[in-house]
Amino acid sequence: RRSPRDDLVCRVDDAWRPFAADMARLSHEAYERPTASGWTIGALLAHIAAWHETTAYRLHRFGATGHPQPKVVEDDETFNARVATETVGRHAELIRADVHATFERLRPATVTLDPELDPKAWAEAVVAGNTHEHHEEHREELRAAARREG
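Residues numbered from 1 in each chain as written. Predicted model: local features only at pLDDT ≥ 70, side-chain atom pairs only at ≥ 80, totals over all residues. Heavy atoms only, no water.

Visitor: Please set out helix 5 (residues 122–130) residue by residue, giving values where relevant.
Guide: Every buried residue belonging to helix 5 is among W122, A123, V126, V127, A128 and N130, and all of these are buried. Residues of helix 5 that are buried sit in contact with helix 1 (4–24), helix 2 (41–65), helix 4 (92–111) and helix 6 (132–149). (Buried < 20%, exposed > 50% of the residue type's maximum accessible area, 1.4 Å probe, protein only. Helix = DSSP H or I, 4+ residues; strand = E, 2+ residues; numbered from the N terminus. Contact = heavy atoms within 4.5 Å.)

Visitor: A description of the pattern of salt bridges should follow, citing residues and the corresponding values.
Guide: For the coordinates displayed, the defined rule picks out 15 salt bridges. For R1, the salt bridge goes to E116, with nearest N and O atoms at 3.3 Å. With R1 in the segment before helix 1 and E116 in the loop between helix 4 and helix 5, the pair connects residues that are 115 residues apart, well separated along the chain. A relative accessible area of 80% means that R1 is categorised as exposed. A relative accessible area of 44% means that E116 is categorised as partly exposed. Residues joined by salt bridges that share partners form a network here, namely D22, R25 and R139. (Salt bridge = Lys/Arg side-chain N within 4 Å of Asp/Glu carboxyl O.)

Visitor: Let's hear about the nonpolar core: which residues, and what values?
Guide: In this structure, L26, L45, L59 and L113 are the most contacted members of the largest nonpolar core, which totals 38 residues. Broken down by secondary-structure element, the contributors of at least two residues to this core are helix 1, helix 2, helix 3 (76–87), helix 4, helix 5 and helix 6. Element by element, the count of residues in this core is highest for helix 2, at 11 residues. Not counting the four nearest positions on each side in its chain, L45 is found in contact with F19, M23, L26, Y31, I95, V99 and L142. (Core = buried A, V, L, I, M, F, W, Y, C linked by side-chain atoms within 4.5 Å.)

Visitor: Describe the layout of surface pockets, and please don't skip the residues or the numbers.
Guide: What the largest pocket holds in volume is close to 230 Å³. Considering the residues around the largest pocket, the lining is formed by 14 residues, among which A46, A49, A50, R90 and D98 are closest to the centre. Among the elements of the structure, helix 2, helix 3 and helix 4 are those that each provide at least two residues to the lining of the largest pocket. Counting residues per element, the lining of the largest pocket draws most heavily on helix 3, at five residues. (1 Å grid on protein atoms, 1.4 Å probe; cavity = no way out; pocket = protein on both sides within 12 Å on 5 of 7 lines; lining within 4 Å. Points joined across faces, edges and corners; volume = space filled by probe spheres on them.)

Visitor: Which residues make up the packing of aromatic side chains, and what values go with them?
Guide: Tallied over the full model, the rule gives four aromatic pairs. Ring plane angle 5 degrees and centroid distance 4.0 Å describe the contact between W16 and F103, whose orientation is recorded as stacked. Pair noted here: W16 is in helix 1 and F103 is in helix 4, with a separation of 87 residues, a long-range link. The buried category is assigned to W16, whose relative accessible area is 9%. Ring centres of F62 and W122 lie 4.9 Å apart, and the angle between their planes is 45 degrees; on these two criteria the pair is classed as tilted. You can see F62 sitting in helix 2 and its partner W122 sitting in helix 5, a full 60 residues away along the chain. (Phe/Tyr/Trp six-rings, centres within 6.5 Å; stacked < 30°, edge-to-face > 60°.)

Geometric descriptors of this kind do not, in isolation, establish any biological role.
Given below as structure tokens:
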């Protein structure tokens, strides 16, 4: 029997692999193209990286304190808008590197969670909302951009 944490890590990995593969298919020019939601692909990917980063931070603090950690931002929409603004003019390779680097910080923070997770499932909800569920939420936009690449 796999532990709840191991099940969570599998869901994270299963969502990450196709997401990363679609991202790898994008040209640098694709990062400037708008998505169906009105963001550019670059802003969308920077958004993913920003949420990876905040989640990794919260998980590390959770591991250090044993207590669920508050969100690092008050308002998700304001945070998302700030990330999109900060992404304007940023080179595609830097955005791509950030997405990978932040995932590489988040995944080990997930792997080191208690195998049975916390009783209130705080960690599982935070990880799900900012990894496999979040990747799936934006996957069609990324797929569409990758399809346009040929």
